[in-house]
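# Structural description and commentary
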Amino acid sequence: MDLRAFIEVLSTQDHLRRVPRPVDWKFEIGTITREQQVPLLFENVKGYPGHRVFTNGLSSPGLIALALGLEYGEDLNTIIKAAKGRSQNPLPPEMVTESSVLQNVVPFQQIDFLTFPIPQWSTQDTGRYLGTWHINVSKDPDTGTRNVGVYRMQVLGPKQATVSTSPTSDLGRHVAKAERTGRPLPMAVAIGVSETVMMAASAACPYGFDEYELAGGLETRSLRLIKCQTVNLEVPAESEIVIEGFVQPGVRVQDGPYLDYAGKANTNPKAFVFEATRLTYRNHPIFRGSSVGIPGAEDHQVFSLLAHLSLVDFHGRRSRQRIQNPLLRKRLFRAFQFAGRLGAFHPRTWGR
Ligand SMILES: Cc1cc2nc3c(=O)[nH]c(=O)nc-3n(C[C@H](O)[C@H](O)[C@H](O)COP(=O)(O)O)c2cc1C
């Protein structure tokens, strides 16, 4: 189910709240998202005619059930059992050549991230965040194995954004390998992918495992991928926006402050820098983002499900995982945030 089909399901079953009045990308979309905690489709972003922003798609277990093709009212144990069973049956993706994300191909010179209504989610954020509910795709430069993860991205310029993660994440390891030979690391960003792809990308899979296979398992259907043009990578055919580019070797910048999952404005002084080489998007695109920081927000809902599947680690110390995972399983989100705030001082995490 692509994002538009999911939004249609939400709408038909009366779970979608449309916001037709004009809203500001600066703080207003984020504030409404954090206050309401129900799926929201902003249809009228000031200064961005023809664009839409979707948030809170997975902000409750019932919504996760719908994204998995189950009933909204399914009980939590059934949802967990279904997700666990499917995660144990990964399906390899298949390549296709047609995709609606190719409807608009932006020439390199004209690439400007701010042609999209990218929100500044919170007054605690230093800027606009392109990547809050998206995927980052890269490959191990030596072995070619693929990683699909979620690593936040702050807009730095028309073609430049941060990528905030720790050196121990799969992407961090790819960058380190590329840097050893002074090469940029090819990376693709897809925004507005199916929610099952998001769940898979958020999962802590063993290094070298392809999260697209997990997405196929969760969806019970192979994911359809298209080839990128300027980098040797693949992205979901059913994406709203695709940005190809490279992580620059040897360059680090500050990302944040940014209101993160632990409910604290967090800064990563050693974020990577991504530069775009190609941008494509669907007609009348839907920008998918998330405003985190509230206990039980959609990131917590996904982490809770993944904790039941033993697929959460935050690239942190085992001691921290031993505290965080039971809290997530028991849905004690305030305590989870508290633990996260303590752990956020650990230098190996994705901020501090
Ligand atoms: C909404 C959301 C935002 C996230 N932001 C980040 C981030 O900024 N940096 C990071 O390292 N991980 C972030 N994560 C967690 C990773 O996606 C997760 O650890 C995933 O397992 C990637 O791990 P890997 O590098 O081991 O593949 C985020 C997850 C979600 C759901």
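Refer to the preceding data block for the structure.
Residues numbered from 1 in each chain as written. Predicted model: local features only at pLDDT ≥ 70, side-chain atom pairs only at ≥ 80, totals over all residues.

## Observations regarding the packing of helix α8 (residues 298-308) against helix α9 (residues 318-329)
Using the following cut-off: Only the stretch in contact is used when a helix axis is fitted, and all axes are lines through C-alpha atoms; the angle between N-to-C directions ranges over 0 to 180 degrees. A helix here means a DSSP run of H or I that spans at least four residues, while a strand means a run of E at least two residues long, and both kinds are numbered starting from the N terminus. Orientation labels follow simple angle bins: below 35 degrees gives roughly parallel, above 145 gives roughly antiparallel, 65 to 115 gives roughly perpendicular, and whatever is left gives oblique. Two residues qualify as being in contact provided that their C-beta atoms, derived from the backbone, are within 7 Å of each other. Throughout, the ten residues Ala, Val, Leu, Ile, Met, Phe, Trp, Tyr, Cys and Pro are labelled nonpolar, Asp, Glu, Lys and Arg are labelled charged, and all others, Gly among them, are labelled polar.
The N-to-C vectors of α8 and α9 enclose an angle of 105°; their axes lie 8 Å apart at closest approach. By the angle between their axes, α8 is roughly perpendicular relative to α9. Residue-level inspection shows Phe303, Ser304, Ala307 and His308 of α8 in contact with α9, the latter providing Asn325, Leu328 and Arg329. In terms of residue class, the contact of α8 with α9 is made up of three nonpolar, three polar and one charged.

## Here we look at α9
The condition that has to hold: To estimate how far a helix should reach, multiply one less than its number of residues by 1.5 Å. Residues with at least 20 other C-beta atoms within 10 Å of their own are called buried, those with 12 or fewer are called exposed, and the rest are partly exposed. The C-beta atoms themselves are positioned from the backbone. Summarising the geometry, the arc corresponds to the directions from the helix axis toward the C-beta atoms.
Relative to the 16 Å expected for twelve residues at 1.5 Å per residue, α9 spans 16 Å between its end C-alpha atoms, a close match to the ideal helical length. Buried residues of α9: Gln324, Asn325, Leu327 and Leu328, and no others. The arc that holds the buried residues of α9, viewed along the axis, is 165°, so those residues lie on one side. In this structure, α9 carries Arg318, Ser319 and Arg322 as exposed residues pointing more than 90 degrees from its buried face. Arg331, located one to two residues past α9, shows a positive phi value of around 60°.

## Some words on the sheet that holds strand β3 (residues 52-55)
Condition: Strands were regarded as paired on the criterion that DSSP finds at least two bridges between them.
The four strands are arranged β1-β2-β3-β17 in an open sheet whose pairing can be described as mixed. A strand with exactly one partner marks an edge of an open sheet, and here the two such strands are β1 (17-19) and β17 (286-288). In this sheet, neighbouring strand axes are inclined to one another by 25° on average, regardless of whether the strands run parallel or antiparallel. As judged from the three bridges shared by β1 and strand β2 (residues 40-42), these two strands associate in the parallel manner. Pairing of Arg17 across the sheet is with Leu40, part of β2. Set on the sheet, helix α2 (residues 28-36) makes contact with β1, β2 and β3; between it and β2 the angle comes to about 165°.

## Some details on the nonpolar core
We count it as follows: In this usage, the nonpolar core is the set of buried Ala, Val, Leu, Ile, Met, Phe, Trp, Tyr and Cys residues whose C-beta atoms join them within 7 Å.
Residues Ala188, Ala190, Ala200 and Val235 are the most contacted members of the largest nonpolar core, which totals 98 residues. Setting aside residues up to four positions removed in sequence, Ala188 forms contacts with Val137, Cys228, Val231, Leu233, Val235, Val242, Ile243 and Glu244.

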